[in-house]
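The residues making up each chain are set out below.
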Amino acid sequence: MTERMLTCIRCPLGCQLTVQADDAGNVTVTGNTCPRGAAYGEEEVTHPVRTVTASVRVTGGELRCCSVKTAGDIPKDKIFEVMKEIHAVQLVAPVEIGQTVIEDVAGTGIAVVATRSVR
């Protein structure tokens, strides 16, 4: 059985969670004060995901780069692959906030979108 101590990030309370997982895949979460904490603890141990933020180069614009983020959570083990694809992108101004920069980053089915407009 493995045990991990986590701080829940699903609400402002920041509960200190203790998550125990056995070899059969059974997960027990304690220390949470709401159901979101239990869900977060289980997800973090069984299938951790993250939102990735970064910036990409822009040519011909008022700024040299534009901030971007994944439109949804991606598996934690794909972060480096996602970052490699993001850093290979170079946009041409104008860039609009919400514009799709990459349709399906690293085969995750998740898009990367601009979070800032660049004229």
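Everything numeric in this text was worked out from a predicted model, so none of it was measured.

Draft legend 1. View of the sheet that holds strand S3 (residues 27–30). Strand order in this open sheet of three strands is S1-S2-S3, and the pairing throughout is antiparallel. Of all strands in the sheet, those bounded by a partner on one side alone are strand S1 (2–7) and S3. Neighbour to neighbour, the strand axes of the sheet diverge by 20 degrees on average, direction disregarded. Across four bridges, the pairing between strand S2 (residues 16–21) and S3 is antiparallel. In the strand pairing of S3, Ala-21 is matched with Val-27.

Draft legend 2. Fine view of the pattern of salt bridges. Within this structure, the stated rule accounts for four salt bridges. A salt bridge links Glu-43 to Arg-10; its shortest N-O distance comes to 2.8 Å. Remark: Arg-10 occurs in the loop between S1 and S2 and Glu-43 occurs in helix H1 (residues 35–46); sequence separation between them is 33 residues. Here Arg-10 falls in the partly exposed class, since its relative accessible area comes to 35%. A salt bridge links Glu-44 to Arg-50, with the shortest nitrogen-to-oxygen separation between them at 2.7 Å.

Cut-off values and rules
Residues numbered from 1 in each chain as written. Predicted model: local features only at pLDDT ≥ 70, side-chain atom pairs only at ≥ 80, totals over all residues. Heavy atoms only, no water. Pairing = 2+ DSSP bridges. Helix = DSSP H or I, 4+ residues; strand = E, 2+ residues; numbered from the N terminus. Axes fitted to C-alpha atoms, helices over the stretch in contact; angles between N-to-C directions. Salt bridge = Lys/Arg side-chain N within 4 Å of Asp/Glu carboxyl O. Buried < 20%, exposed > 50% of the residue type's maximum accessible area, 1.4 Å probe, protein only.

Geometric values such as these leave the question of function open.
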